[in-house]
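# Architecture at a glance
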Amino acid sequence: NGYFTYDPGFMATSACESKITFIDGDKGILLHRGYPIDQLAEQSDYLETCYLLLNGELPNAEQKVAFEKLITNHTMVHEQLQFFYRGFRRDAHPMAVMCGVVGALSAFYHDSLDINNPEHRHIAAIRLIAKMPTMAAMSYKYSMGQPFMYPRNDLSYSENFLHMMFATPCEEYKVNPIIAKAMDRIFVLHADHEQNASTSTVRLTGSTGANPYACIAAGIAALWGPSHGGANEAVLKMLDEIGDVSNLDNFIARVKDKNDSTKLMGFGHRVYKNFDPRAKVMKQTCDEVLTALGINDPQLELAMKLEEIALNDEYFVKRKLYPNVDFYSGIILKAIGIPTSMFTVIFALGRTPGWIAHWLEMHSASYKIGRPRQLYTGSVQRDFVPVDKR
Ligand code: CMC
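By the naming in an unreviewed UniProt entry, the protein chain is Citrate synthase, taken from Agitococcus lubricus. Looking at the Catalytic activity (unreviewed entry) heading of the UniProt record, one finds this comment for the protein chain: "oxaloacetate + acetyl-CoA + H2O = citrate + CoA + H(+)". Reading the Sequence similarities (unreviewed entry) entry of the UniProt record for the protein chain gives the comment "Belongs to the citrate synthase family."

This next bit is on the overall build of the protein chain. What the protein chain contains, in helices and strands, is 17 helices and 3 strands. For the protein chain, the C-alpha radius of gyration of 22 Å lies close to 21 Å, the compact-globule estimate for 390 residues. Among the 390 residues that make up the protein chain, the fraction classed as buried is 42%. Put simply, 76% of the contacts in the protein chain that link residues at least 6 apart link residues at least 24 apart.

Predicted coordinates in regions of low pLDDT should not be interpreted in detail. Averaged over every residue, the pLDDT of the protein chain is 94; the share at 70 or more is 99%. Model confidence for the complex: the whole-complex pTM is 0.94, and ipTM, which rates the interface, is 0.97.

Turning our attention to the packing of helix H8 (residues 177-190) against helix H13 (residues 277-292). Relative to each other, H8 and H13 sit at 170 degrees, their axes nearing to 11 Å. The angle between H8 and H13 falls in the class roughly antiparallel. Contact with H8, carried on its side by Ile178, Ala182, Arg185 and Leu189, involves Arg278, Val281, Met282, Thr285, Val289 and Ala292 of H13 and no other residues of that element. Broken down by class, the residue content of the contact of H8 with H13 amounts to 7 nonpolar, 1 polar and 2 charged.

For helix H5 (residues 94-108), built from 15 residues, the straight-helix expectation of 21 Å at 1.5 Å per residue is met to within 8% by its first-to-last C-alpha distance of 21 Å. Those residues of H5 that fall on the buried side of the exposure criterion are Pro94, Met95, Val97, Met98, Cys99, Val101, Val102, Ala104 and Leu105. In this fold, the buried residues of H5 make contact with helix H4 (81-86), helix H6 (118-144), helix H10 (212-223) and helix H17 (343-363).

Moving on: the nonpolar core. In terms of nonpolar packing, the biggest core is built from 105 residues, with Met98, Val102, Ile216, Ile220, Ile346 and Ile356 touching the most fellow members. There are two domains that each give this core at least three residues, and those are domain 1 (8-228 + 341-363) and domain 2 (231-335).

It is worth spelling out the pairing of strand E2 (residues 29-32) at this point. The two faces of E2 differ: Leu30 and His32 on one face are buried, but Ile29 and Leu31 on the other face are not. Judged from the 4 bridges that link them, strand E1 (residues 21-24) and E2 form a sheet pairing that is antiparallel. From the neighbouring strand, threonine 21 faces E2, where its bridge partner is histidine 32. Hairpin geometry of E1 and E2 is characterised by an intervening segment of 4 residues between the two adjacent antiparallel strands and by a positive phi of about 70 degrees at glycine 28. Examined bridge by bridge, E2 and strand E3 (residues 35-36) share 2 bridges and lie antiparallel to one another.

This next bit is on the domain arrangement of the protein chain. Taken domain by domain, the protein chain consists of domain 1 (8-228 + 341-363) and domain 2 (231-335). Relative to domain 2, the C-alpha centre of domain 1 lies at a distance of 25 Å. Taken residue by residue, the interface counts 23 residues in domain 1 and 24 residues in domain 2. Of all the secondary structure elements, the ones that give two or more residues to the side of domain 1 that touches domain 2 are E2, helix H1 (37-43), H8 and H17. Of the residues forming the side of domain 1 that touches domain 2, the biggest block, 5 residues, is contributed by H8. Class assignment of the residues belonging to the side of domain 1 that touches domain 2 gives a composition of 13 nonpolar, 6 polar and 4 charged.

Conventions used here
Residues numbered from 1 in each chain as written. Predicted model: local features only at pLDDT ≥ 70, side-chain atom pairs only at ≥ 80, totals over all residues. UniProt positions renumbered as here; feature names shortened; annotations may be inferred. Helix = DSSP H or I, 4+ residues; strand = E, 2+ residues; numbered from the N terminus. Rg over C-alpha atoms; globule rule 2.2 N^0.38 Å. Buried ≥ 20, exposed ≤ 12 C-beta atoms within 10 Å, placed from the backbone. Contact = placed C-beta atoms within 7 Å. pLDDT = per-residue confidence, 0-100. Axes fitted to C-alpha atoms, helices over the stretch in contact; angles between N-to-C directions. Parallel < 35°, antiparallel > 145°, perpendicular 65-115°, else oblique. Nonpolar A, V, L, I, M, F, W, Y, C, P; charged D, E, K, R; others polar. Expected span 1.5 Å × (residues − 1). Core = buried A, V, L, I, M, F, W, Y, C linked by C-beta atoms within 7 Å. Domains from an automatic or database assignment. Pairing = 2+ DSSP bridges.

Right under this line is the structure:
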C-alpha cells in the first residue's frame, strides 16, 4: 500500500542502531567496537572480548582482573537446576537441552530482576556469561551418563570448560594449553556478529520486555538451525556422508543440481560475499592445532579438497560462496575431542556475550516492540458458511 516494504529474509532492512559490531561483507571486515576480529583473536582473550562487547572499551589491567573475578564468582548453577536436566531423555540433542535449561534460569532469577534497572541488567549479563560453560558441560555430561562436574575457579574460562566437559570425579583432566588456547580462540571468533538470525531473535524477544534468560533461550533456539549455528555440526555430517575423496565429484554434482536440496555446508554467507574474516583465522588455528597435536585426519584432507574444488568451480565462484567460520571450526573441535553433537552448543556459548551486549544496548536506550508487517496473500473477505451448507 506504499507504506511498507516487502523484504523477506530482511535482506535490506535495518531494524536497529548499534555501536557494537561493524561488518563490511564485500571487503571481509569484521570489527568489534572498532577492533578487527583477527587482532582480537590473536592478541586478546575471550573474557576480555566479552568485557569489550558489554562495555564498549577494552579493560585496563585492574578492570580485567576484576571482571575475571566477577565471572568466576558466578560459575556455579543452582543445585535444583540439575533436575531440569534429569527431565530430558539421555539421547536428547544437547541444543534441545540448552533451550530448556537456559530458559529455566528465568525461573530462578525472576524476583530479583527489574530490567529497567541497569545494575540488574548487568548482573544478568554476568550470570549468563559465567554459567553458560557450566550448563553446556552439564548437557554433555548428562548425555554421557556421567556425574556433573562443578566449576573450578582456579582455572581460566576455557580451561574450566574443558575440565567440566572431560574430568570425572575419578580422574582429573590435564588441560593441554594448545587445546585451551584453541578453545578460547573459537569462543572469541563466535562472540558477536551483529544482526544475525539468533541475535535478531534475542532483540525481538527482548523488545517485548521479556526476561533476559528467556531471551537468550530464544537465541539458542534460533542458532540451532543448520543454516545458522547448526552448520558446524552439519559440516562434519556432510564429510561423513561424502566419506572419501573419490565421491567428491558426485557430491558436488548433487549440490549444483537444482532439483536436489543438498548444500555445501560451511559455505556461503548472507553478508560476506568475498571472504569470511573469521574463517581466515579459524583456518590458521586449524592448521596450528592439527600440527601441534600431530593429527593427520583424513577428513581434513577431504575438507581441503572440497574447499579447493569450491573455490575454483564456476557455480560457487559466481554465487560468491566462500568457506565460512563453521567450515573450519568443526574440524578443530573434532581434533580437540569435542563430540559433534556439542559443536552448536560451543557456538551458543561463544555467542552469549554478543546476544547479551545487544540486549543491553537495546535496553539502555528507548526501543519499540519489534513487529514486522506482512504481505497478505490469502482470501478476500467472505461470509461464514454453516457446516451443513459446506
Ligand atoms: N551450497 C550450495 N549453494 C548455495 C549455498 C551452499 N552452501 N549457499 C547458497 N547457495 C546458492 C543458493 O542455492 C542460491 O543459488 P541460486 O541463485 O541459483 O538460487 C545462491 O547461492 C544464493 O544463496 P541464498 O540462499 O540466496 O543466500 P542466503 O544469503 O539467503 O543464505 C546461507 C546464506 C548462509 C544461509 C547459505 O549460504 C547456506 O545455507 N549455507 C550453508 C549453511 C552454512 O554454512 N551456514 C553458516 C553460516 S555462517 C555462521 C552463522 O552465521 O551462523
